[in-house]
Amino acid sequence: MLLTISTTMTPATELGFLLHKHPGRVQEFSQSYGTAHVFYPEAGAERCTAALMLEVDPITLSRTRARNSPDFSLGQYVNDRPYAASSLLTSAMNAVFRTAMRGRCASREELAASAIPLELSLPALPCRGGPDFARRLFEPLGWAVEAVPVPLDERFPEWGDSRYVTLTLRGTVRLADALNQLYVLLPVLDDAKHYWVAPDEVDKLIRSGDGWLAAHPERGRITRRYLGNRRTLVQSALARLAEVDDAPEDALATPFTEPAEQEHEKKVPLNELRAEAVLAALRQEDARSVIDLGCGPGALLARLAEEPSFTRIAGTDVAFGAVRTAHRRLGIDRLPRARAERITLFQGALTYADDRFAGYDAAVLMEVIEHVDPSRLGSVAEVVFGRARPKTVIVTTPNSEHNVRYEGLTGLRHPDHRFEWTRAQFRAWAEEIERSFGYAVRHVPVGEDDPEVGPPTQMGVFTR
């Protein structure tokens, strides 16, 4: 199995820093099923290519077969799985490029956070669904996709094509995002894994799909295939995607029922309930100007823009990519001038005083504070409640007590959460805000208010 990663950024050899693999060396990494080799077929200032070649030992693979996995006798020695198993390649990627997949590069931090021109190529990739399915998975992520079927035998064209494709992806993408997309989507194309899908695979999917999976039009199929069609794991994953990544409102619908039954059982996703609760509070407080602090990709902003009663709307986020996504989502460049002038978007950090945060009737921090280090929450409170001082501040955050209701959840609901509060902890923080800044708070449950563990989301409406 072979994966090549090429770039034409200047200088192209900076790719070695991002991958943490020197272009002048050939490196070997022993795996339980064979050996992964990393080398550079070309390494020039104008173009650089890194190759990951996985050499699988089928005998070792068969001998390390898990006790409960099937034994196909001679089939394990003569079939093509050891040489074209996408999940083996992704396991090697995670072992060899783990730091790059996390987006870390101490010597090139700005470059690691930037989109660069990339070309990814896999000469033989199992693809159950053919080239069209490969395009449906990668094109929504901004890739130009070239998927060419591999014939069963070039000498006998009448036999048709195999289930393999030669896949080439071209685009301007952050390297960490590209690697994580491959990590998730290669086994999805193959629709098979070489290991048992355990509950911790949900965490892996959420972590690797952060920032792109929830909004993907094929998210349901991706989630089902990645999790081996295990119903409880799929439902848990879709619920978490809908909650933390502003997924479209059908993300919680069960994918295992017939359409009529599905319509009957369909739930309103938590992110939809949360947005409705925020909008209801804004209407109740008669807010006319609203700033969304930590707007992300703009889901709430889009809802605000639909209501003429909100005459001035602003959104800000620490991530410039999120601000850019919100700009596209709102279609500001296509709006009539009068509507576009209602909306302001800018990059900003809540831990630093910023005059642009002030002057609004209401501020919203929807699923934001849990992404802030606890030691910096005091700075956020001072910036929002002390300096900006809107008449109304609406804060939503997960209720950690409700986490026991998410089957397969281990740890926090999202890999970027720094903490998750119980109801008592959130109330204690809110009381401190009341004492320090002269606000009164009312607490509102969002989602089904479980009699034992409370609602999945807790909301505080602070009024000055």
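These figures come from a predicted structure and were not determined experimentally. (Residues numbered from 1 in each chain as written. Predicted model: local features only at pLDDT ≥ 70, side-chain atom pairs only at ≥ 80, totals over all residues. Heavy atoms only, no water.)

> Got a sec to walk through the overall build of the chain? Specific residues and values, please.
Looking only at helices and strands, the chain features 19 helices and 14 strands. A burial count over the chain gives 51% of its 464 residues as buried. Partitioning the contacts of the chain with sequence separation of at least 6, the portion at a separation of at least 24 is 69%. When the accessible area of the chain is evaluated, it comes to approximately 21,600 Å², of which 50% is carbon and sulfur surface. (Helix = DSSP H or I, 4+ residues; strand = E, 2+ residues; numbered from the N terminus. Buried < 20%, exposed > 50% of the residue type's maximum accessible area, 1.4 Å probe, protein only. Contact = heavy atoms within 4.5 Å. Areas by Shrake-Rupley, 256 points an atom, 1.4 Å probe, with all protein chains shown as cover.)

> Please provide a residue-by-residue account of the pattern of salt bridges, values included.
Inspection of every chain in the model, using the stated rule, returns 26 salt bridges. Linking R47 and E42 is a salt bridge whose minimum nitrogen-to-oxygen distance equals 2.8 Å. Residue class for E42 comes out partly exposed when judged on its relative accessible area of 30%. Two residues, R283 and E307, come together in a salt bridge whose shortest N-O distance is 2.6 Å. Taken together, the positions of R283 in helix α14 (residues 270-284) and E307 in the loop between α15 (299-305) and β9 (312-317) put the pair 24 residues apart, joining distant regions of the chain. Overall, the relative accessible area of 41% leaves R283 in the partly exposed class. Each of E42, R47, E119, E146 and R170 takes part in a single network of salt bridges with overlapping partners. (Salt bridge = Lys/Arg side-chain N within 4 Å of Asp/Glu carboxyl O.)

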